[in-house]
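Below, each chain spelled out in residue letters.
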Amino acid sequence: MKTLIEAPFLVTGDQMDLIKNGYILIDDQRIAEIGSGEAPDADRRIQFEESMIMPGLINAHTHIGDSAFKDVGFGKNLIELFQPPNGLKHQLLKTTERQTILEAIENSLLDMLSSGTTTFADFREGAIDGARILLEALRNKKIRAFIFGRSEYTFSKEQLEENRGEIEQESLDALEGLIAATDGVAPSSPNDATDQALRQVAKMAKVQAKLRATHAAENPDSERISKERTGLSEVERAIEHLEADILVHLTYASPKDLDLVEEHNIRVVCCPRTNATLGLRLPPIQEMIDRGIVVGLGTDNVMLNSPNMLEEMKFTTKAYRIEKIASRYLKPREVLMTATISGARVLGIDHETGSIEEGKHADLVVLDLASRNLKHTKDPLTAVTHRAQSDNVCLVMLKGEIAYQSHMAS
Ligand SMILES: [Zn+2]
């Protein structure tokens, strides 16, 4: 079946170019044709007045398994909140009913869809059981998910300080099953494992051709600990031993770290709102983009922030304007790219989604430009990153099917 969608503005291509009075012809799940002016025939025709169609947003880093603990521990630091095995979140995960965690995850999935996200990548704790809760929540939801599992191995303080010890066979067997059931593996931090353990994780993921990701250089303390124990930074260990494909944060990455990331074509995800909530600083997104490093945007842990990419873009647009170095700050178009095509490149799915291009999946968001907060904008592309909010989203499509529809579009 062919569906034709028309709107006064379309955001198209990898550079987020604006087309006026455009149309998109969807054939089955994919975009068959994009154009402006006279539209081709179709079985179904949807015409949007005073609106803009843009690519589905890609939230490249979440922990939606923690959705049941919103706003717990605001003001605490990273170690108090998240360090395994005794950080606050780990205590809460152990003592909260499975059903509560499941319902909270389902809420976050709807929150993401209703704010225009069509793809997300989640770091899921709790080994195979943790992954299963997320898979259960995803049933009957039209959202594309990447799940990075986390193995439950633990090392003693002495082992970590001496950087000595490997993952035992029982945990390795569990890890093999976890990697098979998910899209990749993500140790919380290189600091939670020995070099040998990181190499074991890398080997197992590579055998199954799965992605390897981890947090790195998120705060000065973790950098200091890494160097004291191993002589290397977290980024250096993640690249050398874990052979990471994706690094999350890089807030405190050194120039040497960035050289390595660039040299090894590592993709990066930054989460500026989380850095702010934790009282840290902004990651060097402009510098990474200028170096040609692929940088996606993520909302990180739902304990700290909503999984809402419109809010992440809004904060990023404004915060980097304050932090500008000389005349270099992140332009709205660049911010939108981090939330779409670059996120797709991070996950290796840019041939399928991330921009409105012929041949790609029809993952689309329709924004209502007639709403009170957007009406009279003279620059819709800037309005998306600078002032759009969830109630401006009137329709979301995943692979040509309606994934979310507000009352405005019904
Ligand atoms: Zn994270």
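Since we're looking at a predicted model, the values are computed, not measured. (Residues numbered from 1 in each chain as written. Predicted model: local features only at pLDDT ≥ 70, side-chain atom pairs only at ≥ 80, totals over all residues.)

### Quick notes on the environment of Lys 94
Reasoning step 1: Counting through the fold element by element, Lys 94 comes out in helix H2 (residues 88-95).
Reasoning step 2: Since 9 C-beta atoms lie within 10 Å of it, Lys 94 is described here as exposed.
Reasoning step 3: Note: C-alpha distance between Lys 94 and Gln 208 (114 residues apart in sequence) is 29 Å. (Helix = DSSP H or I, 4+ residues; strand = E, 2+ residues; numbered from the N terminus. Buried ≥ 20, exposed ≤ 12 C-beta atoms within 10 Å, placed from the backbone.)

### Remarks on the domain arrangement of the protein chain
Reasoning step 1: Looking at the assigned domains, one finds that the protein chain contains domain 1 (2-56 + 354-409) and domain 2 (57-347).
Reasoning step 2: A separation of 30 Å is found between the C-alpha centroids of domain 1 and domain 2.
Reasoning step 3: With 22 residues of domain 1 at the interface, the matching set in domain 2 holds 27 residues.
Reasoning step 4: Residue assignment for the side of domain 1 that touches domain 2 shows that the elements contributing at least two residues are helix H16 (380-386), strand S16 (393-398) and strand S17 (401-405).
Reasoning step 5: With 5 residues, the single largest contributor to the side of domain 1 that touches domain 2 is H16.
Reasoning step 6: Here the side of domain 1 that touches domain 2 is composed, by residue class, of 11 nonpolar, 8 polar and 3 charged. (Domains from an automatic or database assignment. Contact = placed C-beta atoms within 7 Å. Nonpolar A, V, L, I, M, F, W, Y, C, P; charged D, E, K, R; others polar.)

### Focus on helix H13 (residues 309-322)
Reasoning step 1: Helix length check: H13, at 14 residues, gives a terminal C-alpha distance of 20 Å against a target of 20 Å (1.5 Å per residue), a fit within 8%.
Reasoning step 2: Residues Met 309, Leu 310, Glu 312, Met 313, Thr 316, Thr 317 and Tyr 320 constitute the buried set of H13. Down the axis of H13, the sector holding all buried residues measures 160 degrees, keeping them to one side. (Expected span 1.5 Å × (residues − 1). Arc of directions from axis to C-beta.)

### Here we look at unusual backbone geometry
Reasoning step 1: At Asn 21, a residue that is not glycine, the phi angle is positive and equals roughly 45 degrees.
Reasoning step 2: Assignment of secondary structure puts Asn 21 in strand S2 (residues 17-27).
Reasoning step 3: Phi is positive for Leu 250, close to 55 degrees, though the residue is something other than glycine.
Reasoning step 4: For Leu 250, the location among the structural elements is in the loop between strand S11 (246-249) and helix H10 (255-263).

### A few points about the sheet that holds strand S6 (residues 57-63)
Reasoning step 1: The strand order across the open sheet formed by 9 strands is S13-S12-S11-S10-S9-S8-S7-S6-S14, and the pairing between neighbours is parallel. Taken across any chain shown, the strands that pair with only one partner, and hence form the sheet edges, are strand S13 (295-297) and strand S14 (300-301).
Reasoning step 2: Sheet topology note: the strand S7 (residues 117-124)/strand S8 (residues 144-149) ladder contains 6 bridges and is parallel. If you follow Ala 121 over to S8, its bridge partner there is Phe 146. (Pairing = 2+ DSSP bridges.)

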